[in-house]
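Structural overview for review
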Amino acid sequence: MSRVLIAGESWITQATHIKGVDHFTASSYVVGVEPLRKALRSRGHEVVHLPAHLVPAEFPTDLSEYDVVVLSDIGANSVQLAPEVFEQARPGTDRLAALRDWVSSGGGLLMIGGYLSFTGIEGKAAYRNTVLHEVLPVELLPEDDRVELPAGAHATVTDAAHPALGGVEGQWPSLLGYNRVLPRPGTKVLATLNDDPLVAVGEYGQGRTAVFTSDCSPHWAPTHFCEDWDGYARVFGGVVEWLAG
């Protein structure tokens, strides 16, 4: 059993309703982590979820109690800019550097795709400009890296025998988009989408890193992928177990 920290994968939505000359706003809080949390727990892992709105204040600088850290749809600013740094202009800890050093010392890092993963929408995820870029097994684009696939597309498995895929067999359900990245030399690309890396793994120092460049929940991962497909738990479980060594 591994102890896994998932940071991100939640959001707050605010809508404006206009009815004639009157209008009002309504807000909702959505947690998208449940399919992934359920899948990892089904394989015996302990999962700690740190919602996106708590990441700036609570992302840990000491990661020694975890085996694997997952960053999912949470931008670099949220991890780097603690309130005392952003709001009070006081020097603090570079938490992405701490995460890099933790991986180098033997930790496992997984980045999952989304609008605020990798480079992200309008470049706002911004990991390419951080020290974490060197840790990932892929090269990030300097521009908005989202590829929308509204008609859906199926993954092509390129290394079915690799343990990080959990022994899943058969065709994967279709996905609706991903973040486009480029493999680095020495990276093992285990599955592709549109001929771009979907699942890729590598090593950094004594640790291991991996990416899943599509989503772990809607909208890029439809319910037939993240809820109805029994391979979902095998793939994400396999990646996490490989990362944990």
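Conventions used here
- Residues numbered from 1 in each chain as written.
- Predicted model: local features only at pLDDT ≥ 70, side-chain atom pairs only at ≥ 80, totals over all residues.
- Heavy atoms only, no water.
- Phe/Tyr/Trp six-rings, centres within 6.5 Å; stacked < 30°, edge-to-face > 60°.
- Helix = DSSP H or I, 4+ residues; strand = E, 2+ residues; numbered from the N terminus.
- Buried < 20%, exposed > 50% of the residue type's maximum accessible area, 1.4 Å probe, protein only.
- Lys NZ or Arg CZ within 6 Å of the ring centre and 35° of its normal.
- Salt bridge = Lys/Arg side-chain N within 4 Å of Asp/Glu carboxyl O.
- 1 Å grid on protein atoms, 1.4 Å probe; cavity = no way out; pocket = protein on both sides within 12 Å on 5 of 7 lines; lining within 4 Å.
- Points joined across faces, edges and corners; volume = space filled by probe spheres on them.
- Nonpolar A, V, L, I, M, F, W, Y, C, P; charged D, E, K, R; others polar.
- Pairing = 2+ DSSP bridges.

The final tally for this structure, using the stated rule, is seven aromatic pairs. With a centroid separation of 4.9 Å and 50° between ring planes, the pair formed by Tyr 232 and Phe 236 is classed as tilted. Taken together, the positions of Tyr 232 and Phe 236, both in helix H7 (residues 231-243) and four residues apart, correspond to about one turn of that helix. Take Tyr 232 and Phe 236: they sit in the same class, and that class is buried. One aromatic cluster is present, formed by Trp 172, Phe 212, Phe 225, Trp 229, Tyr 232 and Phe 236 through successive ring pairs. The residue whose ring lies beneath Arg 146 is Tyr 115, and the NZ or CZ to ring-centre distance is 4.6 Å.

Looking now at the pattern of salt bridges. For the coordinates displayed, the defined rule picks out 10 salt bridges. Between Arg 37 and Glu 34 there is a salt bridge whose closest N-O contact spans 2.8 Å. In this pair, Arg 37 and Glu 34 are both assigned in helix H1 (residues 34-42), three residues apart and thus about one turn of the helix distant. The exposure class of Arg 37 is buried, given its relative accessible area of 17%. Among the salt bridges present, the one from Glu 139 reaches Arg 184, with a minimum N-O distance of 3.0 Å. Here Arg 184 lies in the loop between strand S11 (181-183) and strand S12 (188-193) and Glu 139 lies in strand S7 (residues 138-140), a separation of 45 residues in the sequence.

Bringing the layout of surface pockets into the picture now. The space that makes up the largest pocket amounts to roughly 400 Å³. Residue lining of the largest pocket: 19 residues in total, with Ser 10, Trp 11, Asp 73, Tyr 115 and Leu 116 positioned closest to the centre. For the lining of the largest pocket, the secondary structure elements donating two or more residues are strand S2 (10-19) and helix H3 (76-80). For the lining of the largest pocket, the element with the highest residue contribution is S2, accounting for three residues. A class-by-class count of the residues in the lining of the largest pocket yields eight nonpolar, seven polar and four charged.

Once that is clear, we can look at the pairing of strand S6 (residues 108-112). In terms of burial, S6 is a largely internal element, five of the five residues being buried. Here S6 shows a buried face lined by Gly 108, Leu 110 and Ile 112 and a second buried face lined by Leu 109 and Met 111. Here five bridges tie strand S5 (residues 68-72) to S6, and the two strands are oriented parallel to one another. Considered in S6, the bridge of Val 70 is made with Leu 110. The pairing of S6 with strand S14 (residues 207-212) spans five bridges and is classified as parallel. From the neighbouring strand, Met 111 faces S14, where its bridge partner is Val 211.

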